[in-house]
Each structure stands twice: as C-alpha cells, then as structure tokens.
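# Residue-level structural notes
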Amino acid sequence: MATCKWCERSGWLLSLSANGMCDTCEVTEVPLIVRRVEAIQESKSVVDSARTFQARIESCDDIIRTAEELIPYELKGISVAEPSAAELKAAYEAERQKIVAEQLSARSREGRVQGQPGEGP
Ligand SMILES: [Zn+2]
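Residues numbered from 1 in each chain as written. Predicted model: local features only at pLDDT ≥ 70, side-chain atom pairs only at ≥ 80, totals over all residues.

## Quick look at the overall build of the protein
Put simply, the test is: Strands are runs of DSSP state E lasting at least two residues, helices are runs of H or I lasting at least four, and both sets are numbered from the N terminus onward. Radius of gyration here uses only the C-alpha atoms, and the compact-globule reference equals 2.2 Å multiplied by the residue count raised to the power 0.38. Each residue is classified by how many other C-beta atoms fall within 10 Å of its C-beta atom, where C-beta atoms are placed from the backbone; a count of 20 or more means buried, 12 or fewer means exposed, and values in between mean partly exposed. Any residue pair is listed as a contact if its two C-beta atoms, each placed from the backbone, are within 7 Å.
Looking only at helices and strands, one finds three helices and two strands in the protein. In the protein, the order of α-helices and β-strands from amino to carboxyl end is β-β-α-α-α. Taking 2.2 N^0.38 as the reference for a compact globule, 121 residues should give roughly 14 Å; the C-alpha atoms of the protein span a radius of gyration of 21 Å, well beyond that estimate. Summarising its shape, the C-alpha atoms of the protein cover approximately 80 × 20 × 15 Å along the three principal directions. Sorting the 121 residues of the protein into buried and exposed places 17% on the buried side. The long-range share in the protein, meaning contacts at least 24 apart out of those at least 6 apart in sequence, stands at 40%.

## Notes on the confidence of the model for the protein
Low-pLDDT portions of the prediction should not be read for the details of their coordinates. As a reminder of what qualifies: Confidence of the prediction at every residue is given by pLDDT, a number between 0 and 100.
Of all residues in the protein, 93% have pLDDT values of 70 or greater, and the mean over the chain is 92. Between the elements of the protein, mean pLDDT differs from a low of 90, seen in helix α3 (residues 85-115), to a high of 97, seen in helix α2 (residues 53-75).

## What to know about the nonpolar core
Filter applied, for reference: Nonpolar core, as used here: buried Ala, Val, Leu, Ile, Met, Phe, Trp, Tyr and Cys residues forming one set through C-beta atoms within 7 Å.
One finds M21, I63, A67 and L88 to be the most contacted residues of the largest nonpolar core, which totals 16 residues. When contributions to this core are tallied by element, the ones reaching two or more residues are α1 (23-49), α2 and α3.

## Details of α1
Since the α-helix advances by 3.6 residues per turn, residues separated by three or four positions end up pointing in the same direction. To be explicit about the condition: A helix's residues, less one, multiplied by 1.5 Å, set its expected span. Bending is quantified residue by residue as the angle between axes fitted to the seven-residue window ending at that residue and the seven-residue window starting at it.
The end-to-end C-alpha distance of α1, which contains 27 residues, comes to 39 Å, matching closely the 39 Å that a straight helix rising 1.5 Å per residue would cover. At E29, α1 shows its maximal kink, close to 35°; a proline, P31, follows between one and four residues later. Within the span of α1, buried status applies to C25, I40 and S43.

## Observations concerning α2
For α2, which comprises 23 residues, the first-to-last C-alpha distance of 33 Å matches the rise-based estimate of 33 Å (1.5 Å per residue) to within 8%. Considered for burial, the residues of α2 that qualify are R56, S59, C60, I63, T66, A67, L70 and Y73. Where α2 ends, the next residue or the one after it, G77, has phi of about 85°, a positive value.

## Concerning unusual backbone geometry
Of note, the amide linkage connecting E82 to P83 takes the cis form, showing an omega dihedral of -5°. Tracing the chain through its elements places P83 in the loop between α2 and α3.

So, in structure tokens, the structure goes:
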C-alpha cells in the first residue's frame, strides 16, 4: 500500500511522486520547497558577496530560518536539498559565528592601530 510521506494519507490506488508525496502534496508542497531552496541560494550569494557585516549576518539568519522550515520534510524522509537542510543550517550557524569573530577581530585591530600610532602590521 502506498503512503504519502508528507500527509501520511495511504491507499492502494494512491500514486506517489518520485519523492514519495501524493498528488495533492506534490502540488501544494513542492512549490513551497522550491521557493525556499531558491531563497537559500540567493542568501548564500549575498553571504559570499556582501561587503557589510550587517548584510552578511542577516543573510546567514535568513538561510538558518529557511533551512529550519525545510527540516520537517527531511524528518519525514523527503529529500529537499543537497546538502540537506539540516546540514545547511549547521553550516550557516558556523559561518555566522565566523563572520562575527572576523568582525570582532577587525574591530580590535582598528583599535590597536588607533591606540598605538606608528606601529606597522
Ligand atoms: Zn500527501
């Protein structure tokens, strides 16, 4: 018997898509998944290219939040992204910490330069 991975509806005549969802879920959920995956891609390029600390941090937060919305699909065995949403969330939590650490060390370097004029790097 076929069972939809998302809504858990099951039946002998239920046809499932390649990712294990019934027709109804395929129509309602897949566009939501695709939109979130696209949003993550856009935010990723902002993290890589943005010049301001604020923009990079906000994009990390967007990725983490959006990945969290995708994790319930993965918990039901529906593959939504490669690497997985859970991996993306962990990776961008680490990235966010790295950006914060870089910002703090850049600040403290500036502080030293101003505090000790004449001393080179
Ligand atoms: Zn379903």
